[in-house]
Amino acid sequence: MSEIYRASTTAPVNIAVIKYWGKRDPKLNLPTNSSLSVTLSQNDLRTHTTASCSASYPAEDSLLLNGKPQDVSGARTQACFRELRALRKEVEAKDSNAPKLSELPLKIVSENNFPTAAGLASSAAGFAALVRAIANLYELPADPTELSRIARQGSGSACRSLFGGYVGWEQGSEADGSDSKAFEVAPASHWPNMRAVILVVSAAKKDVSSTSGMQTTVATSSLFASRASETVPRRMKEMQDAIKNKDFETFAKVTMMDSNSFHATCLDTYPPIFYLNDVSRAAIKMVEQINNAAGKIIAAYTFDAGPNAVIYYLEENEKAVAGVFKTLLANKEGWSSERGAAVEGNYEAAEKANTEA
Ligand code: ADP
Ligand code: DP6
Ligand code: CO
């Protein structure tokens, strides 16, 4: 019997408040604009991934997601495997006692405890977990910046899930993507009372994946160019200032406006992409009512590429925001609301690599 080497990890989702939408290089997943997100607590939404390798495995690398075999031949998964194997080879070159794991077939088993491909950032948590699990398996140095650069090639938004708290993704300008990576805007502890409630409007897989949707937008939308070159750069700065100053009203307003801007470019795509539905729009109205009743902005909605709402608020407004959603929606069909105790701090790799006979 050959040895099986194994390591596991978990990774959180992140929900952007300034959205990434558009690639300037689809192969390397280089974006047309910078973006900024909040990493949510793994107590609520998370991916759990185990990576293993063994000479006794079938020769092809494999990935089982929520119990179903996935195609790993795609360039993006392959790029992650290739980069991680290259780093492992460096370890093996330095230490002749290190087993040649880089030469063994990989078996990845992953579970998302929330809807996959439904606009709740499964690709972000998914690729962050995949990269960290293999890095743990290969006993690579767990530098989040380096892992973020690799995870970006699996799914752009995944680069931000390697960090906790408030996280930016600098678009970068190098052709090889070496300067396109995530950075910490502020740790979770800087503004720890941020919360998010997640309204699962539909757990169904989206019709148009993020990858293909953003490519059609870049190719056809006339609103897109000004969003990428003017609107987002201005908002990146406003958002970073709002986070530094813990200015919730500005944070919320910019969040809502950027979500609206992103969905406007989707509608402006040809053929148009509709990620929001009537229930999503009802959630937007409800946030407006909550803010009007409070006389100030205490809640902010944002939607990724799907109908599901994420509502940010501060803990002190729990009753007025999450409470209202829960009470009003408790008995309505098609809704479920989940608490996402919002901000995830810096986290350690959950489980260390181990080997077994
Ligand atoms: P989402 O809005 O959920 O991020 P995307 O369209 O961006 O949706 O990406 C969904 C795809 O991400 C899935 O079809 C799958 O290929 C990949 N993915 C999701 N979860 C995982 C995971 N845990 N491990 C590996 N890949 C994953
Ligand atoms: C709307 O990162 O899922 O959620 O790089 O093609 O995998 P790929 O796309 P993905 O796009 C995310 C789009 C978004 C906004 C965001 O998370 O910034
Ligand atoms: Co995604």
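Computed from a prediction, not measured in an experiment: that's the story for all the values here.

Engineer: Outline the sheet that holds strand β11 (residues 182–186), supporting the account with residue identities and numerical values.
Structural biologist: Here we have 4 strands laid out as an open sheet, ordered β2-β5-β10-β11, and antiparallel in their pairing. Where the open sheet ends on each side, the last strands, each with one partner, are β2 (14–18) and β11. For this sheet, the mean angle separating the axes of adjacent strands, direction not counted, is 35 degrees. Sheet topology places strand β10 (residues 166–169) next to β11; 4 bridges connect them, and they run antiparallel. Opposite Y166, over in β11, you have A186 as the bridge partner.

Engineer: Give me the packing of helix α1 (residues 75–94) against helix α2 (residues 122–137): which residues, what numbers.
Structural biologist: It is at 10 Å that the axes of α1 and α2 come closest, and there the two elements cross at 25 degrees. Comparing their axes, α2 and α1 come out roughly parallel. Considering only the axes of α1 and α2, their crossing is right-handed. When α1 is examined against α2, the residues T77, C80, F81 and L84 are found in contact with a partner set consisting of F127, L130, V131, I134 and A135. In terms of residue class, the contact of α1 with α2 is built from 8 nonpolar, 1 polar and no charged.

Engineer: How would you summarise the site of ligand 1 if you had to cite specific residues and measurements?
Structural biologist: Near ligand 1 there are 17 residues, and of these S110, N112, S122, S123 and K206 occur at the shortest range. Take N112: an N or O atom from its side chain is 3.0 Å from a nitrogen atom of ligand 1. For ligand 1, an oxygen atom lies 2.6 Å from a polar atom in the side chain of K206. Contact with the protein chains removes 84% of the 570 Å² of surface that ligand 1 exposes when unbound. The set of elements that each furnish at least two residues to the shell around ligand 1 consists of β9 (106–112) and α2. Among the elements that make up the shell around ligand 1, the one with the highest residue count is α2 (4 residues). Its residues placed into classes, the shell around ligand 1 shows 6 nonpolar, 10 polar and 1 charged.

Engineer: I'd like a description of the pairing of strand β13 (residues 299–303), backed by residues and values.
Structural biologist: Most of β13 is tucked away: 5 of the 5 residues are buried. Here β13 runs beside strand β14 (residues 309–314); their pairing, made up of 5 bridges, is antiparallel. Looking across to β14, one finds that Y301 is bridged to I311. Counting the residues in the hairpin turn of β13 and β14 gives 5 residues.

Engineer: Kindly report on the nonpolar core, identifying the contributing residues and their values.
Structural biologist: One finds I243, F251, I311 and Y312 to be the most contacted residues of the largest nonpolar core, which totals 54 residues. Within the second largest apolar cluster, 43 residues are counted, among which are Y20, W21, A128 and V167.

Engineer: Describe the pairing of strand β1 (residues 4–12), and please don't skip the residues or the numbers.
Structural biologist: Most of β1 is tucked away, with 8 of its 9 residues classed as buried. Alignment of β1 against strand β6 (residues 46–54), held across 9 bridges, turns out to be antiparallel. Bridged to I4 within β6 is S54.

Engineer: Help me get a handle on the site of ligand 2, residues and values and all.
Structural biologist: Around ligand 2 lies a shell of 18 residues, among which Y20, K23, S155, S157 and T211 are the nearest. In the environment of ligand 2, an oxygen atom lies 2.7 Å from a nitrogen or oxygen atom belonging to the side chain of R76. Expressed as a share of its isolated accessible area of 460 Å², the protein-covered part of ligand 2 is 96%. For the shell around ligand 2, the element with the highest residue contribution is helix α4 (residues 210–220), accounting for 3 residues. Taken together, the residues that form the shell around ligand 2 break down as 6 nonpolar, 7 polar and 5 charged.

Engineer: Break down the environment of P12 for me, citing the residues and quoting the values.
Structural biologist: Of note, P12 is situated in strand β1. Classification of P12 by relative accessible area gives buried; the value is 0%. Sequence spacing of P12 and A125 is 113 residues, and the spatial spacing of their C-alpha atoms is 5.2 Å.

Rules used in this analysis
- Residues numbered from 1 in each chain as written.
- Chains lettered and ligands numbered in written order.
- Predicted model: local features only at pLDDT ≥ 70, side-chain atom pairs only at ≥ 80, totals over all residues.
- Heavy atoms only, no water.
- Pairing = 2+ DSSP bridges.
- Helix = DSSP H or I, 4+ residues; strand = E, 2+ residues; numbered from the N terminus.
- Axes fitted to C-alpha atoms, helices over the stretch in contact; angles between N-to-C directions.
- Parallel < 35°, antiparallel > 145°, perpendicular 65-115°, else oblique.
- Left-handed = near helix turned anticlockwise from the far one by under 90°.
- Contact = heavy atoms within 4.5 Å.
- Nonpolar A, V, L, I, M, F, W, Y, C, P; charged D, E, K, R; others polar.
- Near = heavy atom within 4 Å.
- Polar contact = N/O pair within 3.5 Å; in protein donor to acceptor, adjacent residues only side chain to side chain.
- Areas by Shrake-Rupley, 256 points an atom, 1.4 Å probe, with all protein chains shown as cover.
- Buried < 20%, exposed > 50% of the residue type's maximum accessible area, 1.4 Å probe, protein only.
- Core = buried A, V, L, I, M, F, W, Y, C linked by side-chain atoms within 4.5 Å.

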